[in-house]
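# Remarks on the overall topology
So you can see what is in the structure, the chains are spelled out below.
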Amino acid sequence: MKKIQPSILNIQYLILAITSRCNLCCKYCYQKAARDGEDMTDEVLDNALSLIAGRNAPCHVQITGGEPTLVPAKIARIVDQCCAMACMPTLAIQTNGTLLTPELVQLLRKHAVQVGISIDGPPDIQEDIRGKAVETLRGLKLLEEYNIPFRVTTVLTERNILHLDKLVLLLAGFTNSRGIGLDLLVDKGRATSEKVRPASHQDLQKGMRQLVTTLAMVNSRRRIPIRLREFDLLNRRLASHHFCHAATGKSLAVHPSGTLFPCGQTMADPVFSMGTVIEPDIHENLPLTTIRLTSHRCRICPLDGKCPGDCPSRTYYNLDRSVPLVCTMYKALVE
């Protein structure tokens, strides 16, 4: 197998997990983030950014964790270095929102950092699954105060699937809420041992219908609509498109230790290790480029040829599920 350098790989999406620490303890966390994790050193961070520093083409840097706002100085360091690059990568951060401050929010606004908030439902559901619901809402209000657009990511479980309509109503109260992305539960990390289970096919179908109906009602009254990521995936699906950058081998995720992985969801799994920022071990045939959502039912599915597919790493970890939940979700959306 031929070994290649990251520069030749044409990295378009760089994920920086600047800490494995987190101030929450989500029941399904696939990284098992904890309060006593590790922070990425400046040396590792600088070496990670050097992987894209010489690019002349557009690229994207995703700041994540753990909870990245635990180390705001690292966020500022990333912003400063990216602003000095010739390629001027776009920047985004995924956070639980509980530790946002006016200073950090102003930094994000100044440099047009895209903001993603992890929230799983109305306050009672958020408190049960993730904790610190009040602090999360305070973070959303701070983003609203500084006129910063944000999108939310919601992990679907049996606990929140029938409350997605209430999440939409909550977001309707924020003029800067721009979208919702739905992540199905991944059978990895804490989800394998905690008392949290995926939604049933029946509840998933019902929950999606409630979500779509409420979203349509809310958007009919908004100047800027709240978009549903999965709708957009269905609408722009073309046969030549892949689900994500990892599916084409054009993404890298950097663990706080400096170890490389194809995406954030595979992080810390030795099966997917790709060396380190100092000694990359990257080959032509990357593991996630060969994984596809397939089923014996695909040929008779009304979405055959139009299906956006699924996250390759989620497909890998959820391989034992006979009928993928993502199939039920897409079908419910197009009904």
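Scroll up a little and you will see the structure.
Predicted model, so just to flag it, every value in this text is computed and none were measured.

Quick look at the overall build of the chain now. The helix and strand tally for the chain stands at eleven helices and eleven strands. Taking 335 residues into account, the globule formula puts the C-alpha radius of gyration at 20 Å, and the chain, at 19 Å, falls close to it. For the chain, the C-alpha atoms occupy an extent of roughly 50 × 50 × 40 Å along the three principal directions. Relative to its 335 residues, the chain shows a buried fraction of 53%.

Reading across from one edge, β8-β7-β6-β5-β4-β3-β2-β9-β10 is the order of the nine strands in this open sheet, with mixed pairing throughout. A strand with exactly one partner marks an edge of an open sheet, and here the two such strands are β8 (227-228) and β10 (260-261). Sheet topology places strand β3 (residues 60-64) next to strand β4 (residues 90-95); four bridges connect them, and they run parallel. Paired with V61 across the strands is L91, a residue of β4. In this fold helix α8 (residues 201-219) packs onto β6 (150-156), β7 (177-184) and β8, with an angle of close to 175° to the strand it touches most, β7.

This part takes up the packing of aromatic side chains. Within this structure, the stated rule accounts for four aromatic pairs. Pairing F150 with F174 gives two aromatic rings, centres 6.1 Å apart and planes at 75°, and the pair type is edge-to-face. Of this pair, F150 sits in strand β6 while F174 sits in the loop between α7 (164-171) and β7, and the two are 24 residues apart along the sequence. Like F174, F150 is buried. Where F272 meets Y316, the ring centres are 5.0 Å apart and the plane angle is 85°; that geometry is what we call edge-to-face. Placement of the pair is F272 in the loop between β10 and β11 (282-283) and Y316 in helix α10 (residues 312-317), with a sequence separation of 44 residues. A network of ring pairs unites the aromatic residues F272, Y316 and Y317 as a single cluster.

At a closest axis distance of 7 Å, the pairing of α7 and α8 adopts a crossing angle of 20°. Between α7 and α8, the angle falls in the class roughly parallel. Crossing of α7 against α8: the hand is right-handed. In this structure, α7 uses L164, D165, V168 and L169 to contact α8, whose residues at the interface are G207, M208, Q210, L211, T214, L215, M217 and V218. A per-class count over the contact of α7 with α8 returns eight nonpolar, three polar and one charged.

Tracing the backbone shows H60 in strand β3. One polar contact links H60 to Q62, side chain to side chain, over a distance of 3.3 Å.

Burial of α7 is extensive: six of the eight residues sit out of reach of the surface. Among all positions of α7, only L164, D165, L167, V168, L170 and L171 are buried. If you follow the buried residues of α7, they end up packed against α6 (133-145), β6, β7 and α8.

Residue G66 is bonded to the preceding G65 through a cis peptide linkage, with omega at 20°. Mapped onto the fold, G66 is located in the loop between β3 and α3 (72-83). Backbone geometry at M88 places phi at a positive 45°, although glycine is not the residue there. You can see M88 is positioned in the loop between α3 and β4. We note that A112 has phi near 55°; this positive angle belongs to a residue other than glycine. With respect to the helices and strands, A112 occurs in the loop between α4 (102-110) and β5 (114-118). With a relative accessible area of 59%, A112 lands in the exposed category.

Conventions adopted
Residues numbered from 1 in each chain as written. Predicted model: local features only at pLDDT ≥ 70, side-chain atom pairs only at ≥ 80, totals over all residues. Heavy atoms only, no water. Helix = DSSP H or I, 4+ residues; strand = E, 2+ residues; numbered from the N terminus. Rg over C-alpha atoms; globule rule 2.2 N^0.38 Å. Buried < 20%, exposed > 50% of the residue type's maximum accessible area, 1.4 Å probe, protein only. Pairing = 2+ DSSP bridges. Contact = heavy atoms within 4.5 Å. Axes fitted to C-alpha atoms, helices over the stretch in contact; angles between N-to-C directions. Phe/Tyr/Trp six-rings, centres within 6.5 Å; stacked < 30°, edge-to-face > 60°. Parallel < 35°, antiparallel > 145°, perpendicular 65-115°, else oblique. Left-handed = near helix turned anticlockwise from the far one by under 90°. Nonpolar A, V, L, I, M, F, W, Y, C, P; charged D, E, K, R; others polar. Polar contact = N/O pair within 3.5 Å; in protein donor to acceptor, adjacent residues only side chain to side chain.

Remember that the coordinates give geometry; whether it matters functionally is a separate question.
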